[in-house]
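Letter by letter, the chains look like this.
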Amino acid sequence: MNPTTNPLLDFSGLPRFDAIRPEHVTPAVDALLADARRAIETIATNPAPPTWGTVVEPLAESLDRLDRAWGAVRHLNAVVNTQELRDAHNANLPKIVAFHADLGQDLRMYDKYRALRAQPAFATLDAARKTLVDNELRDFKLSGAELGEAGKARFKAVQEALADLSTQFEEHLLDATNAWAHYVEDAAELAGVPDDVLAEARAAAQADGRTGYKLTLRMPSFLPVMDYAHNRDLRRLVHEAYSTRASDLSAHPEWDNAPLITRILELRREAAQLLGYGNYAQVSLVPKMAGSPAEVIAFLRDLARRAKPFAERDFAELAAFARDELGLAELMPWDVAYAAEQLKAKRYFYNEQEVRQYFPEDQVLAGLFRVVETIYAVNIREGRTAVWHPSVRFFHIHDRNDALVGEFYFDLYAREGKQGGAWMDDAINRRSVRGGIQHPVAYLTCNLSAPVGDRPATFTHDEVITIFHEFGHGLHQLLTRVDVAGVSGIQGVEWDAIELPSQFMENFCWEWDVLRHMTRHVDTGAPLPRELFDKMLAAKNFLSGMWTVRQLEMGLFDMLLHDQFDPAGMAAWPTPLSLLAAVRAEVAVVPRAPYDRFMESFAHVFAGGYAAGYYSYKWAEVLSADAFSLFEEEGVLSPAAGARFRDEVLARGGSRPALESFVAFRGRPPQLDALLRHNGMVAIQ
Ligand SMILES: [Zn+2]
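Predicted model, so just to flag it, every value in this text is computed and none were measured.

Caption draft 1: Expanded view of the pattern of salt bridges. In this structure the tally under the stated criterion is 53 salt bridges. One network of salt bridges, in which partners are shared, links Glu 61, Asp 64, Arg 65, Arg 68 and Arg 431.

Rendered as structure tokens:
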């Protein structure tokens, strides 16, 4: 097996996307896993005292090849999915997962890292190398490497049971979502719902052999009904069906997620206690930036205290508007989204379709690159290489001395076989290799509208923000100066700080001086009119107080549930639902329907990776807003501020704690003020 017969085993340069085929996947993964296991055996059985060069480097070398090859497969599976590729991916995924699970519990490797840490030579390592060793030790511990045989077996059983419960949670929610449908015969009952949604609903009814319109609980049907249907009874009906999914109140009590939630909480607590922690929240925070559950809870409560007056004002305005102009004497939960859309349309009327004419693709990318080149002293040039689809573009970043910094792919348009959403992924990580530096490479993926005919693609302002967001993640990966695998680029960055560089970039999309250079009407060539920009800016913070306290409610519930709630029973909050009610009484302003069972569909926390971590959204937003405030003070395109952000935050990656990087950049710990100001929440009387 060699690179000439299998391009996935060619590590001499960029992935050979013109040559990789599904049949290459299994032989490449098998060969690389065998290599990696051999490397681990050699390291683990080496009787000589461990050194950086005999433990960390050979392991990094093996893992790097595996990551690069598997990363290319994962990427292709996400962006040019075919049945053959999906089969090849799914057949190999369990092998990769099992390999990492075995490595995480390998006591021999854990001992090598412990010995490395205990040697006097450890003190002579640079900060990045020290951080890497400490991270490895932490991850071994959190994988249960330190437990005795019985403990290891129990820990593994608990992890497997939790994975199974998460899958069941997700399946119940999916089944409950799919099981419900409501057919409407008379189009008049659907007045207000946009035409394209109606067309879909009619096609869905026809597919079932029925006349009229089929409404479902899936987003493209549910949201427009809640947002636009004038029919209040219909909104109430759909809202109740949606809010009771996978609960005791749904038509399918066999899919009730409440018992699963209790079991998940018990097992998470048990896993935490096996590892020597008091509760799951403490374990969750070990690899994160936040220091303790108490710190997170205080953060959320402080923000809630400041945001609540604005949320109350938002809700009062909305209720008054609904009463006076919509004839809704009392604003009910199934009216809120509808009334908000009506008020928004009335207050800030402008046409999204008009706005997008000012954002043709080349102008947007040129505007983005201009910001980045100005503040970070780099040059971005388009290049050519093998890609997975003809519409994919490829770029090099050079520094001002023309030395290569990194490279990235831009895959902008939605198409069949491409997973939805937008994301950045690492293709190659920066690290030192024999004979120099391995330069970082990133995949930047979006799902924007493709050009039609010979007109260039044009983007909505939201889509432009998405491009900036993902590019921020990309710069974190590409502008790193760390040369140690595992802590360069985005690797090893605390999870609650990972959105700092991305949300930071979004701010530029709201700066007039940036925006006017980034716009050119696709037909007339005119820049965005100031008047239109002012309307967009005014609409930006519409109801931001209400949305903020809603996020805080979810974050506070999640953290209290994993820190203070006792699944074995407690007087103050006998059930998770009673805890949620208490949090709402403290934080929320929008009344909840008596049937509301939101908790049973809170998949981020019970089926995703956000347990005791939901606060991260707001946490990182504080950092990004506060970081940007330095640019507001020193000039939005200030190269001095840019150099500092690059040197202290982007270049450092995971080589030191995110808080240290932030303080080094900003000259002080993070403050809330900028976030409140950016959301329009400044002192009201
Ligand atoms: Zn992001």
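Caption draft 2: Up close: the coordination of the zinc ion. Bound to the zinc ion on the protein side are His 469 (NE2), His 473 (NE2), Glu 499 (OE) and Glu 499 (OE), at distances that span 2.1 to 2.7 Å. When the donors of the zinc ion are listed by position in the chain, the intervening gaps give H-x3-H-x25-E. One end of the pair, His 469, and the other, His 473, are both in helix 16 (residues 461-478), 4 residues apart, so they sit about a helical turn from each other. Of the two residues, His 469 and His 473, both sit in the buried class.

Caption draft 3: Molecular detail of the sheet that holds strand 3 (residues 378-383). Ordered in space as 3-4-5-9-6, the 5 strands form an open sheet in which the pairing is mixed. Two strands lie at the open edges of the sheet, namely strand 3 and strand 6 (423-428), each paired on one side alone. On average, each strand axis in the sheet is tilted by 25° relative to the strand beside it, whichever way the strands run. Note: strand 5 (residues 404-413) against strand 9 (residues 441-448), 6 bridges, orientation parallel.

Caption draft 4: A look at unusual backbone geometry. In this model, Ala 377 sits at a positive phi of 55°, which is unusual for a non-glycine residue. According to the relative accessible area criterion, Ala 377 is partly exposed, its value standing at 34%. Within the chain, Asp 402 stands out as a residue other than glycine whose phi angle is a positive 70°. With respect to the helices and strands, the residue Asp 402 is situated in the loop between strand 4 (393-399) and strand 5.

Caption draft 5: Here's a closer look at the packing of helix 23 (residues 616-634) against helix 24 (residues 639-650). Relative orientation of the contacting elements helix 23 and helix 24 amounts to 160°, with a least axis distance of 9 Å. The orientation of helix 23 relative to helix 24 falls into the category roughly antiparallel. The crossing of helix 23 and helix 24 is right-handed. Touching Ala 627, Leu 630, Phe 631 and Glu 634 of helix 23 are Ala 641, Gly 642, Arg 644 and Phe 645, all from helix 24. Looking at the contact of helix 23 with helix 24 residue by residue, the classes come out as 5 nonpolar, 1 polar and 2 charged.

Caption draft 6: Up close: the pairing of strand 2 (residues 213-216). Residues of strand 2 alternate between two faces, with Tyr 213 and Leu 215 on one and Lys 214 and Thr 216 on the opposite face, all of them buried. With 4 bridges joining them, strand 1 (residues 181-184) and strand 2 adopt antiparallel strand pairing. Bridge assignment links Tyr 183 to a residue of strand 2, and that residue is Lys 214.

Caption draft 7: Local environment of the state of the cysteines. Summed over all chains, the structure comprises 0 disulfides. Its sulfur unpaired, Cys 446 is 12 Å from the next cysteine sulfur, which belongs to Cys 509.

Caption draft 8: Region of the structure containing the environment of Phe 99. Its place among the elements puts Phe 99 in helix 3 (residues 83-104). For Phe 99, a relative accessible area of 1% corresponds to the buried category. With 62 residues separating them in the primary sequence, Phe 99 and Arg 37 have C-alpha atoms 8.3 Å apart. Not counting residues up to four positions away in its chain, the partners in contact with Phe 99 are Leu 33, Ala 36, Arg 37, Ile 40, Leu 63 and Leu 66.

Caption draft 9: Expanded view of the nonpolar core. Counting residues in hydrophobic clusters, the biggest one holds 144 residues, and the most contacted among them are Tyr 376, Phe 408, Phe 410, Ile 467, Phe 471, Phe 508 and Phe 606. By residue number, the principal contributor to this core is helix 12 (residues 293-325), which donates 13 residues. Aside from chain neighbours lying at most four places away, what touches Ile 467 is Val 364, Leu 365, Leu 368, Phe 410, Leu 412, Cys 446, Leu 448 and Phe 459.

Caption draft 10: Here's a closer look at helix 13 (residues 336-347). Between the first and last C-alpha of helix 13 there are 16 Å, a value that for 12 residues agrees with the 16 Å anticipated at 1.5 Å per step. The complete set of buried residues in helix 13 reads Val 336, Tyr 338, Ala 339, Ala 340 and Leu 343. Packing partners of the buried residues in helix 13 comprise helix 8 (219-228), helix 9 (232-243), helix 12 and helix 20 (544-563).

Caption draft 11: View of a negative patch on the surface. Together, Asp 164, Glu 170, Glu 171 and Asp 175 give the surface a local cluster of negative charge. Along the chain, Asp 175 turns up in helix 6 (residues 149-179).

Caption draft 12: Focus on the side chain of Arg 668. By the secondary structure assignment, Arg 668 is in the loop between helix 25 (658-666) and helix 26 (673-678). A polar contact of 2.8 Å, which involves the side chain of Arg 668, links it to the side chain of Asp 626.

Scoring rules and cut-offs
- Per chain, the residues get numbers from 1 upward, laid out in the order the sequence is written.
- Given that the model is predicted, a residue must reach a pLDDT of at least 70 before its local features are reported, and side-chain atom pairs must reach 80 or more before they are shown or counted; all residues, however, enter totals for whole chains, interfaces and linings.
- Think of the side-chain values as coming from all heavy atoms in the structure, minus any hydrogens and water.
- What makes a salt bridge here is a side-chain nitrogen of Lys or Arg within 4 Å of a carboxyl oxygen of Asp or Glu, nothing more.
- Here a donor is an N, O or S atom found within 2.8 Å of the metal, or within 3.2 Å if the metal is Na, K or Ca; sites may look incomplete because water is not among the atoms.
- Elements are defined by DSSP. Helices are runs of H or I of four residues or more, strands are runs of E of two residues or more, and each kind is numbered from the N terminus.
- Any residue under 20% of the maximum accessible area for its type is buried, any over 50% is exposed, and the rest in between are partly exposed; the area is computed with a 1.4 Å probe on protein chains only.
- A pair of strands is treated as paired once DSSP finds two or more bridges between them.
- All axes are obtained by fitting lines to C-alpha atoms, using only the stretch in contact for helices, and the reported angles, taken between N-to-C directions, cover 0 to 180 degrees.
- Here roughly perpendicular refers to angles of 65 to 115 degrees, roughly parallel to angles under 35, roughly antiparallel to angles over 145, and oblique to all remaining angles.
- With the far helix as reference, a near helix turned anticlockwise by less than a right angle produces a left-handed crossing, and one turned clockwise produces a right-handed crossing.
- Any two residues having at least one pair of non-hydrogen atoms within 4.5 Å are treated as being in contact.
- Polarity classes work like this: nonpolar for Ala, Val, Leu, Ile, Met, Phe, Trp, Tyr, Cys and Pro, charged for Asp, Glu, Lys and Arg, and polar for all others, with Gly in that last group.
- By disulfide we mean two sulfur atoms from cysteines, separated by a distance within 2.5 Å.
- Nonpolar core, defined: a set of buried Ala, Val, Leu, Ile, Met, Phe, Trp, Tyr and Cys residues in which side-chain atoms within 4.5 Å join the residues together.
- Expected span of a helix: the number of residues minus one, times 1.5 Å.
- What makes a patch is a set of residues exposed beyond 30% relative accessible area and free of salt bridges, joined within 9 Å when like-charged and within 5 Å when nonpolar (Val, Leu, Ile, Met, Phe, Trp, Tyr).
- For the area figures, the Shrake-Rupley method with a 1.4 Å probe applies, and any residue is considered shielded solely by the protein chains shown.
- In this tally, Asp and Glu contribute negative charge and Lys and Arg positive charge; neither His nor the terminal groups of the chain are included.
- Lysine's charge is taken at NZ, arginine's at CZ, aspartate's at CG and glutamate's at CD.
- Within 3.5 Å is the distance limit for a polar contact, defined as a pair of N or O atoms, with the added protein rule that one can donate a hydrogen and the other accept it, and that residues adjacent in sequence qualify only through two side-chain atoms.

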